[in-house]
Amino acid sequence: MTDHKYEMFDRSLLEIKPLTERHHDLDIADIKQLKRVDTVSKDFIVIASKIKAAISQNSSVILMIGGHVIRAGVQRYLIDLMEKGYISCLAMNGSGVIHDFEFALIGATTESVARYIQEGQFGLWQETGRICDIVSKASITKRGLGEAVGKVIYEEMFPYKEISLLAAGYRLGIPITVHVGIGYDIIHEHPNCDGAAFGAASYIDFLRFTKILENLEGGVVINFGSAVMAPEVFLKGLAMVRNVARQKGQKITHFTTLVCDLKQLPATYKYEASCDDPAYYFRPWKTMLVRTVADGGESYYIQGKHSETIPQLWTSLCQID
């Protein structure tokens, strides 16, 4: 049988422009200052007490976020929680790295997809492409993706590194794990992108994330705005640590999950929706709010914008300090 010879796109033909030629939808002025909010959801008060209890018994508190959380301008709130020791691990997808890197480098991020996809320029920006070089080196030195990018932002003269989650994680020794899917992110368009390097560096992060799940008994997992990455990565990692725990005669069942998102869920969200219901396919619901806590855990869902819910969580923790 003869192997087929499939052609591949020639990335050397791409025109990569500097970020100075891009219009940015967000800039440093969109980063919020720390400020307590007047009203918080009662569920956040419950979650705050559970986080405090988890920390006191050395159980893991894991925060998982989508890229829109960084675009919400709440970096200072998350960094403060990290500095106070409330977060054992921060997990994000590939877009989170891009927004964090660009904010730290130029104090701006986010392009108009509608505009730049028409021009064929979407995502093709020189400075952002440096992330690919960092990841290629990380795969050689056996660093995780989040650690490698955070190290560069922290150690180099990035003008706005004080608002970088990745740099804060590196500075504080808190794992920032990045979970990518090849072809999902703009940097995968670039000629210097090495897919194998991204896979290697992100897989290191997955194993680090899973290691932290070993201490989840009595802990807390929070998902802000990740509809696919967070529930899927959590599900697989939890299966792995439960497998090993079972062999030791142990269990990882008593923990709390919180999902914060824009989607409206019914009051019965602690029960799985029918597969005939389109909401069944909203993975944070069935995975994080039902299936993974079905044998001893608790779950909470809070609907709202990240720019409102994250300050509420921070305020709730401040109130019980």
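Here the structure is shown first, and the text comes after it.
Residues numbered from 1 in each chain as written. Predicted model: local features only at pLDDT ≥ 70, side-chain atom pairs only at ≥ 80, totals over all residues. Heavy atoms only, no water.

Caption draft 1: Quick look at the pairing of strand β3 (residues 89-93). Within β3, five of the five residues are buried, which leaves it mostly tucked inside the rest of the structure. Alternating positions in β3 separate into two faces, Cys89, Ala91 and Asn93 on one and Leu90 and Met92 on the other, with burial throughout. Where strand β2 (residues 61-65) and β3 come together, four bridges link them in parallel fashion. Paired with Leu63 across the strands is Leu90, a residue of β3. Where β3 and strand β5 (residues 176-179) come together, four bridges link them in parallel fashion. If you follow Asn93 over to β5, its bridge partner there is His179. (Buried < 20%, exposed > 50% of the residue type's maximum accessible area, 1.4 Å probe, protein only. Helix = DSSP H or I, 4+ residues; strand = E, 2+ residues; numbered from the N terminus. Pairing = 2+ DSSP bridges.)

Caption draft 2: Main features of the nonpolar core. Within the largest apolar cluster, 97 residues are counted, with the highest numbers of intra-cluster contacts made by Met64 and Met92. Not counting residues within four places of it along the chain, the set of residues in contact with Met64 comprises Ala91, Phe209, Val221, Ile222, Asn223, Phe224, Met229, Ala230, Val233, Phe234 and Met288. (Core = buried A, V, L, I, M, F, W, Y, C linked by side-chain atoms within 4.5 Å. Contact = heavy atoms within 4.5 Å.)

Caption draft 3: Inspection of the packing of aromatic side chains at higher detail. Evaluated as defined, the whole model comprises eight aromatic pairs. Between the aromatic rings of Phe101 and Phe158, the centroid separation amounts to 5.4 Å while the plane-to-plane angle is 75°, which identifies the pairing as edge-to-face. Residue Phe101 is located in helix α4 (residues 94-106), and its partner Phe158 is located in the loop between α7 (145-155) and α8 (165-172); the two are separated by 57 residues in the primary sequence. The exposure class of Phe158 is buried, given its relative accessible area of 5%. Ring geometry for Tyr154 versus Tyr170: centroids 5.9 Å apart, planes at 50°, classification tilted. Pair noted here: Tyr154 is in helix α7 and Tyr170 is in helix α8, with a separation of 16 residues, a long-range link. Over the ring of Tyr154 we find Lys161, and its NZ or CZ is 5.6 Å from the ring centre. (Phe/Tyr/Trp six-rings, centres within 6.5 Å; stacked < 30°, edge-to-face > 60°. Lys NZ or Arg CZ within 6 Å of the ring centre and 35° of its normal.)

Caption draft 4: Molecular detail of the side chain of His190. Residue position: His190 is located in the loop between β5 and α9 (195-213). Accessibility expressed as a relative area gives 2% for His190, which makes it buried. Every residue in contact with His190, bar those within four places of it in the chain, is listed here: Arg11, Ile16, Gly123, Leu124, Trp125, Gly129 and Cys132.

Caption draft 5: Region of the structure containing the pairing of β2. Buried residues dominate β2, accounting for five of its five residues. A two-sided burial pattern is seen for β2, the buried positions comprising Val61, Leu63 and Ile65 on one face and Ile62 and Met64 on the other. Here β2 runs beside strand β6 (residues 220-224); their pairing, made up of five bridges, is parallel. Residue pairing in the sheet places Ile62 in a bridge with Val221 of β6.

Caption draft 6: A look at helix α12 (residues 306-319). Over its 14 residues, α12 runs 20 Å from end to end, which matches the ideal 20 Å to within 8%, given 1.5 Å per residue. For α12, every residue scored as buried is listed here: His306, Thr309, Ile310, Pro311, Gln312, Leu313, Trp314, Thr315, Ser316, Leu317 and Cys318. (Expected span 1.5 Å × (residues − 1).)

Caption draft 7: Representation of the side chain of Ser226 within the structure. By secondary structure assignment, the location of Ser226 is in the loop between β6 and α10 (229-247). Of the polar contacts made by the side chain of Ser226, one reaches the backbone nitrogen of Ala230; its length is 2.9 Å. What Ser226 contacts, discounting residues up to four positions off in sequence, is Ile65, Gly66, Pro231, Asp261 and Pro284. (Polar contact = N/O pair within 3.5 Å; in protein donor to acceptor, adjacent residues only side chain to side chain.)

Caption draft 8: Summary view of the sheet that holds strand β8 (residues 298-303). Ordered in space as β5-β3-β2-β6-β7-β8, the six strands form an open sheet in which the pairing is parallel. Strand pairing shows two members of the sheet lacking a second neighbour, β5 and β8, which therefore form its edges. Each neighbouring strand pair of the sheet contributes to a mean axis angle of 15°, computed without reference to strand direction. Relative to β6, α12 is tilted by about 155°, and along the sheet it contacts β6, β7 (256-261) and β8. (Axes fitted to C-alpha atoms, helices over the stretch in contact; angles between N-to-C directions.)

Caption draft 9: Representation of the pattern of salt bridges in the model. Following the criterion strictly, the structure yields 15 salt bridges and no others. Residue Arg22 is joined to Glu111 by a salt bridge in which the shortest nitrogen-to-oxygen separation is 3.7 Å. Taken together, the residues Arg22 in the segment before β1 (26-27) and Glu111 in the loop between β4 (108-109) and α5 (113-119) connect sequence positions 89 residues apart. Of the two residues examined, Arg22 and Glu111, each falls in the buried class. Glu232 serves as the salt-bridge partner of Lys236, at 2.2 Å between the closest nitrogen and oxygen. Here Lys236 pairs with Glu232, and both are found in helix α10, just four residues apart, close to one helical turn. In this structure Lys236 comes out as partly exposed when scored by relative accessible area, which is 41%. By relative accessible area, which is 19% here, Glu232 ends up buried. Here the salt bridges share partners, and the residues they tie into one network are Arg22, Glu102 and Glu111. (Salt bridge = Lys/Arg side-chain N within 4 Å of Asp/Glu carboxyl O.)

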